[in-house]
Amino acid sequence: MFTSKEEKKATEEQSNTSNIIGKDTVLEGSIESIGNIRIEGKIFGHAKAKAKLVMGTEATVDGNVTARTAEIAGTIKGNIEISELLILKPTAVIKGDILTNKLVVEPGATFNGGCKMGHLAKEIEIGKPASPAREAAIKRA
């Protein structure tokens, strides 16, 4: 039986893990991680990280992005839901809606869509299917 201290340590170790989608990598499908995700390639699907999500300048996500914090320098064609801080770097191109608590848009970033800030953070669930309403919104994007 694990004690709460051991469980907490195991959870912290998992959230410190990093997943990298390399520059010449194309992923058809969604990716979910309890840890960090760094994207340098292309994803045709959704990306969900319980920790931090980082996109390089040549990275592309054709789907929704969900994370606790995110730093975007690539292109997203879909909606973004960030529970804490979203940073759009000068090379970022966003075609979709943003829902975040705090937003930093650096000069040069392009954003076409709606934005709602100050949103209360909800638990990011890993391994659970999206609701039908969310899937319908994804298809419209």
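Please refer to the structure higher up on the page.
Residues numbered from 1 in each chain as written. Predicted model: local features only at pLDDT ≥ 70, side-chain atom pairs only at ≥ 80, totals over all residues. Heavy atoms only, no water.

1. Some words on the environment of Glu-32
- Here Glu-32 lies in strand β3 (residues 31–33).
- A relative accessible area of 35% means that Glu-32 is categorised as partly exposed.
- A C-alpha to C-alpha distance of 4.6 Å links Glu-32 and Lys-48, two positions 16 residues apart in sequence. (Helix = DSSP H or I, 4+ residues; strand = E, 2+ residues; numbered from the N terminus. Buried < 20%, exposed > 50% of the residue type's maximum accessible area, 1.4 Å probe, protein only.)

2. Comments concerning the sheet that holds strand β2 (residues 26–28)
- Across the sheet, six strands lie side by side as β2-β5-β7-β9-β11-β13; this open sheet has parallel pairing. On the outer flanks of this sheet lie β2 and β13 (110–112), each paired with one strand and no other.
- Both β2 and strand β5 (residues 42–44) contribute to a ladder of three bridges, which runs parallel. The residue bridging Glu-28 from the neighbouring strand is Phe-44, located in β5. (Pairing = 2+ DSSP bridges.)

3. Focus on the pattern of salt bridges
- For the structure shown, the criterion picks out six salt bridges.
- In this structure, Lys-23 and Glu-58 form a salt bridge, with 3.7 Å as the shortest nitrogen-oxygen distance. Of the two residues, Lys-23 is situated in the loop between β1 (18–21) and β2 and Glu-58 in the loop between β6 (47–55) and β7 (60–61); the sequence distance between them amounts to 35 residues.
- Taking the relative accessible area as the measure of exposure, Lys-23 reaches 55% and is therefore exposed.
- The exposed category is assigned to Glu-58, whose relative accessible area is 51%.
- The shortest N-O distance in the salt bridge between Lys-52 and Glu-71 comes to 3.7 Å. Here Glu-71 lies in strand β8 (residues 65–72) and Lys-52 lies in strand β6, a separation of 19 residues in the sequence.
- When salt bridges with common partners are traced through the structure, they connect Lys-52, Glu-71, Lys-89 and Glu-106 into a single cluster. (Salt bridge = Lys/Arg side-chain N within 4 Å of Asp/Glu carboxyl O.)

In short, shape yes, function no, at least from these values alone.
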